[in-house]
Amino acid sequence: MSSPLCIETEEELATSSSDQTTPLAEGEFSRRSFVKAAGLLSAAAVTGLPRLAHAEDAQAAAATEPHTIDLTLKINGHTYSLPALDTRTSLLDALREHLDLTGSKKGCDHGQCGACTVLVDGRRVNSCLTLAATVEGTEITTVEGFAQGETLSPVQEAFLEHDAFQCGYCTPGQICSATALLEEHKRHDLSAVSFNTGQTTTPELTDNEIRERMSGNICRCAAYPNIVAAVRAVAKGARA
C-alpha cells in the first residue's frame, strides 16, 4: 500500500515536468524550428529554384556559343579560305573536315601518336594540338604536298623501297616527321642523343639519332626498323 507521502496530484506532476525542461543549447534546432525550416526550403524549391536553374542554363548556353573568324590558310602552295570558322577548330580538323585534305590522320587527338604531324614553316607540329587560327600567314605542308605530280619525294620513295609501313595509317605523319628530321640535321639541330654522345657540333645521323628524332611518331604495326632504314637511306643519298 502506497504511503500518502508518495501520492502526487496532477498539478504537482505537471509542475515537476515543466521544471525539468532545459533550454536549447545555442545553435540547436527544436522540432518546431526544423519543421519551419523544412517548409521554407520546400517553398523555395517550388518557386525560386526553377528560375535559378533556367538562368544557369542560359549562362551555359551563352558560354558554349562558338566565336567564329574568317580564316585564310596557305597549304601546299595553295590558298584556302575558311569563312566563319569556329575559333576552337584545330588545324587537323580544319584540314580534314573543312578542306577535305584527309592525308593527315587523327590517331589519339592528344598529341601523343604523331599521326597528325604536318609542317608549319618547315617545323613539324602535331596538328591536333594546334589551333587553325594560330597558323594563319604561315606555309603549311601536309603529306599531299610532297609529291610533284607523279614524282614522289625522296622520303616517300624510300618508305616504299624499304617497306617502312604496314597498315599505313601512321605513314603520312611519319613521312612529314622524317622530312623535317632531315632538314633539322642539315641545320645541325641537336637531340638528346647528340648530347649523350658528345656530338654537339655536327652530330652524325646514326640509327640512334634517327630513332630519337622519330620517337614522337608511333607505329602500332612496329615497322620501326624499316622506318629507320628508309630515313638512313635518304640521308646517305643526300650526302652522296
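The residue count restarts for each chain, going from 1 along the sequence in the order it is written. Where totals are concerned, whole chains, interfaces and linings use all residues; where local detail is concerned, this predicted model gives features only for residues with pLDDT of at least 70, and gives and counts side-chain atom pairs only at 80 or more. Computation of side-chain values covers all heavy atoms of the structure but excludes hydrogens and water.

A.B. asks: Please clarify how the overall build of the protein should be interpreted in this entry.
C.D. replies: Only DSSP runs of H or I covering at least 4 residues are called helices, and only runs of E covering at least 2 are called strands; the numbering of each starts at the N terminus. When helices and strands are tallied, the protein shows nine helices and five strands. Working rule for contacts: check all heavy atoms of both residues, and any pair within 4.5 Å makes them a contact. Considering only intrachain contacts with a sequence separation of at least 6, the fraction spanning at least 24 residues in the protein is 52%. All accessible-area figures derive from a Shrake-Rupley calculation using a 1.4 Å probe, and residue coverage is judged against the displayed protein chains alone. Surface exposure of the protein reaches about 15300 Å², of which carbon and sulfur atoms provide 54%.

A.B. asks: Hey, could you run me through the side chain of H185 in this one?
C.D. replies: Within the fold, H185 resides in helix α6 (residues 171–186). For H185, a relative accessible area of 17% translates into the label buried. Beyond its immediate sequence surroundings of up to four residues, H185 is in contact with P203, E204, L205 and R213. Burial here depends on accessible area, computed with a 1.4 Å probe over protein chains only, as a share of the maximum for the residue type. Under 20% is buried, over 50% is exposed, and the range in between is partly exposed.

A.B. asks: What is the right way to look at the pairing of strand β3 (residues 117–120) in this model?
C.D. replies: Covered by surrounding structure in β3 are T117 and L119 together with V118 and V120, the residues of both alternating faces. Pairing between two strands is assigned when DSSP locates at least 2 bridges connecting them. Pairing between β3 and strand β4 (residues 123–126): four bridges, direction antiparallel. Among the inter-strand pairings, T117 is bridged to a residue of β4, identified as N126. The antiparallel hairpin formed by β3 and β4 contains two residues in its connecting segment, where D121 sits at a positive phi of about 55°.

A.B. asks: Quick question: what am I supposed to make of the pairing of strand β2 (residues 78–86) here?
C.D. replies: Successive side chains on a regular strand alternate, one facing one side of the sheet and the next facing the other. Note: strand β1 (residues 68–75) against β2, seven bridges, orientation antiparallel. Bridge pairing in β2 places I75 opposite H78. Adjacent in sequence and paired antiparallel, β1 and β2 are bridged by two residues, among which N76 carries a positive phi angle near 55°.

A.B. asks: What is the right way to look at the packing of helix α5 (residues 154–161) against α6 in this model?
C.D. replies: If you want to describe how two helices pack, look at the angle between their axes and the distance between the axes. Relative orientation of the contacting elements α5 and α6 amounts to 125°, with a least axis distance of 9 Å. Here α6 runs oblique to α5, going by the angle between their axes. Remark: the crossing between α5 and α6 carries right-handed chirality. From α5, V155, Q156 and F159 reach across to α6, where they touch T171, Q174, I175, A178, T179 and L182. By the convention adopted, Pro, Cys, Tyr, Trp, Phe, Met, Ile, Leu, Val and Ala count as nonpolar, Lys, Arg, Asp and Glu as charged, and the other residues, Gly among them, as polar. Here the contact of α5 with α6 is composed, by residue class, of five nonpolar, four polar and no charged. Convention adopted: a line fitted to C-alpha atoms gives each axis, helices being fitted over their contacting stretch, and angles between N-to-C directions are expressed from 0 to 180 degrees. Angular relationships are summarised with four words: roughly parallel below 35 degrees, roughly antiparallel beyond 145, roughly perpendicular across 65 to 115, and oblique for the angles in between. The crossing is said to be left-handed when, going from far helix to near helix, the turn is anticlockwise and less than a right angle, and right-handed when the turn is clockwise.

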